[in-house]
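Tertiary structure, described
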Amino acid sequence: MPEVADDNGVPPPAPTGDELLKVLSALGNPHRMRIVAALMEGRTYVSALARQIGMGRPLLHMHLQRLEAAGLVVGTLELAEDGKAMKYFDVAPFFYELSPHVIARAAATITETADRTAKEEAK
């Protein structure tokens, strides 16, 4: 999960290769970047977000799952006044510094599982 600097201003540890691949993969899609941008305006539920960005709910759910798995958004299930369950999403606080040094350190920690997943996604 992405972290932000603590109250003393200490930056978070560098991401592992697996974490960095998950985040970059999640943000490597223009729809997911637009979803993060839309959620910056405030927390909202899936149907409202789908209308706001002009996307069908099933496709939006798939993109939100990828963003949530990468730790970039947070979803919470809540009950509306009429008893209907609604999932709300918000942007998770995150900060990534990307430099050749960070990439080199992260690359040294990539696991075989992440390597296989990346190859499968490329197909």
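Small disclaimer: the values here were computed from a predicted structure and weren't measured.

1. What about the pairing of strand β3 (residues 85–91)?
Where strand β1 (residues 44–45) lies against β3, two bridges are found, and the strand directions are antiparallel. Bridging from a neighbouring strand, Y45 pairs with Y88 of β3. When strand β2 (residues 73–79) meets β3, the two strands line up antiparallel, connected through seven bridges. Counterpart to E78 in the pairing with β3 is M86.

2. Side note on the nonpolar core
Burial of nonpolar side chains together is a common tendency in soluble globular proteins. Grouped together as the largest cluster of nonpolar side chains are 18 residues, with contacts concentrated most on I35, L39, L49, L60, L64 and L67. Only α1 (17–27), α2 (30–39), α3 (46–53), α4 (57–69) and β3 provide two or more residues apiece to this core. Looking at which element gives the most residues to this core, the answer is α2, with four residues. Excluding residues that lie within four positions of it along the chain, L64 makes contacts with I35, L39, V46, L49, V73 and F89.

3. Some details on the sheet that holds β3
Strands sit in the order β1-β3-β2 across an open sheet of three strands; the sheet is antiparallel. With one partner strand each, in any of the chains shown, β1 and β2 form the two edges of the open sheet. Its contacts with the sheet place α2 against β1, β2 and β3, and it is angled at close to 95 degrees to β3.

4. Topic: the confidence of the model for the protein chain
Residues of the protein chain with pLDDT of at least 70 account for 82%, and the chain-wide mean is 87. Mean pLDDT per element in the protein chain: helix α6 (residues 112–122) is the minimum at 61, and α2 is the maximum at 97.

5. Thoughts on the packing of aromatic side chains
This structure, assessed with the given rule, holds two aromatic pairs. Residues Y45 and Y88 carry aromatic rings whose centres are separated by 5.7 Å and whose planes lie at 65 degrees to one another, so their mutual orientation is edge-to-face. Pair noted here: Y45 is in strand β1 and Y88 is in strand β3, with a separation of 43 residues, a long-range link. Given a relative accessible area of 19%, Y88 falls into the buried group. Above the plane of the ring of Y88 lies R43, whose end atom (NZ or CZ) is 4.2 Å from the centre.

Calculation notes
Residues numbered from 1 in each chain as written. Predicted model: local features only at pLDDT ≥ 70, side-chain atom pairs only at ≥ 80, totals over all residues. Heavy atoms only, no water. Pairing = 2+ DSSP bridges. Helix = DSSP H or I, 4+ residues; strand = E, 2+ residues; numbered from the N terminus. Core = buried A, V, L, I, M, F, W, Y, C linked by side-chain atoms within 4.5 Å. Buried < 20%, exposed > 50% of the residue type's maximum accessible area, 1.4 Å probe, protein only. Contact = heavy atoms within 4.5 Å. Axes fitted to C-alpha atoms, helices over the stretch in contact; angles between N-to-C directions. pLDDT = per-residue confidence, 0-100. Phe/Tyr/Trp six-rings, centres within 6.5 Å; stacked < 30°, edge-to-face > 60°. Lys NZ or Arg CZ within 6 Å of the ring centre and 35° of its normal.

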